[in-house]
Amino acid sequence: QVQLVESGGGLVQPGGSLRLSCAASGIIFRLYTMGWYRQAPEKQRELVAAVTSGGSTTYADSVKGRFTASRDNAKNTVYLQMNSLKPEDTALYYCNARTLNREHWGQGTQVTVSS
């Protein structure tokens, strides 16, 4: 049974930081590209960042220079360090695990940036 469990969301003031974690089980974690997506109310889900099995990263233009994705294969966990948060970063953040023929999603963790 595959499980992706996100944690670390919450309420933060503009300019603040949060670190999201996603703990995976039931998959061979090191083989998967791990991604972070987000969905704001009335908007489509969008890719925020991804880390390949080889450790390469990609980011949405809107978060470059502010967010950092990383993975720890020994802990089957992927992280998203979010700095200089803006109100427009408010969304439900989802963890995604993907290979060529499999894809899994977490339940999401809410991030709210507001003063």
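Up top you'll find the structure we're talking about.
Everything quoted here is computed from the prediction, not taken from an experiment. (Residues numbered from 1 in each chain as written. Predicted model: local features only at pLDDT ≥ 70, side-chain atom pairs only at ≥ 80, totals over all residues. Heavy atoms only, no water.)

Draft legend 1. Quick look at the overall build of the protein. The helix and strand tally for the protein stands at zero helices and 11 strands. In the protein, the order of α-helices and β-strands from amino to carboxyl end is β-β-β-β-β-β-β-β-β-β-β. Seen through its C-alpha atoms, the protein measures out along the principal axes to roughly 40 × 25 × 25 Å. The burial tally for the protein puts 41% of its 115 residues in the buried class. Once local pairs closer than 6 in sequence are excluded, the contacts in the protein between residues at least 24 apart make up 52%. If you sum the accessible surface of the protein, you get close to 6300 Å²; carbon and sulfur atoms cover 45% of it. Charged side chains of the protein number 12 positive and 8 negative; the gap between the two group centres comes to 7 Å. (Helix = DSSP H or I, 4+ residues; strand = E, 2+ residues; numbered from the N terminus. Buried < 20%, exposed > 50% of the residue type's maximum accessible area, 1.4 Å probe, protein only. Contact = heavy atoms within 4.5 Å. Areas by Shrake-Rupley, 256 points an atom, 1.4 Å probe, with all protein chains shown as cover. Lys, Arg positive; Asp, Glu negative; His and termini not counted. Charge placed at Lys NZ, Arg CZ, Asp CG, Glu CD.)

Draft legend 2. View of the packing of aromatic side chains. This model, assessed by the stated rule, comprises two aromatic pairs. Seen in terms of ring centroids, Tyr37 and Trp105 are 4.9 Å apart; in terms of plane orientation they differ by 65°. Their pairing is edge-to-face. Taken together, the residues Tyr37 in strand 4 (residues 33–39) and Trp105 in strand 10 (residues 103–105) connect sequence positions 68 residues apart. A relative accessible area of 17% places Tyr37 in the buried class. Classification of Trp105 as partly exposed rests on a relative accessible area of 33%. (Phe/Tyr/Trp six-rings, centres within 6.5 Å; stacked < 30°, edge-to-face > 60°.)

Draft legend 3. Just the sheet that holds strand 8 (residues 77–82), in detail. Pairing is antiparallel in the open sheet, where four strands are placed in the order 1-3-8-7. Strands at the two margins of the open sheet, each flanked by one partner only, are strand 1 (3–7) and strand 7 (67–72). Ignoring strand direction, the axes of neighbouring strands in this sheet form an average angle of 15°. Of the pairings in the sheet, the one linking strand 3 (residues 18–25) to strand 8 comprises six bridges and is antiparallel in character. Bridge pairing in strand 8 links Leu20 to Leu80. (Pairing = 2+ DSSP bridges. Axes fitted to C-alpha atoms, helices over the stretch in contact; angles between N-to-C directions.)

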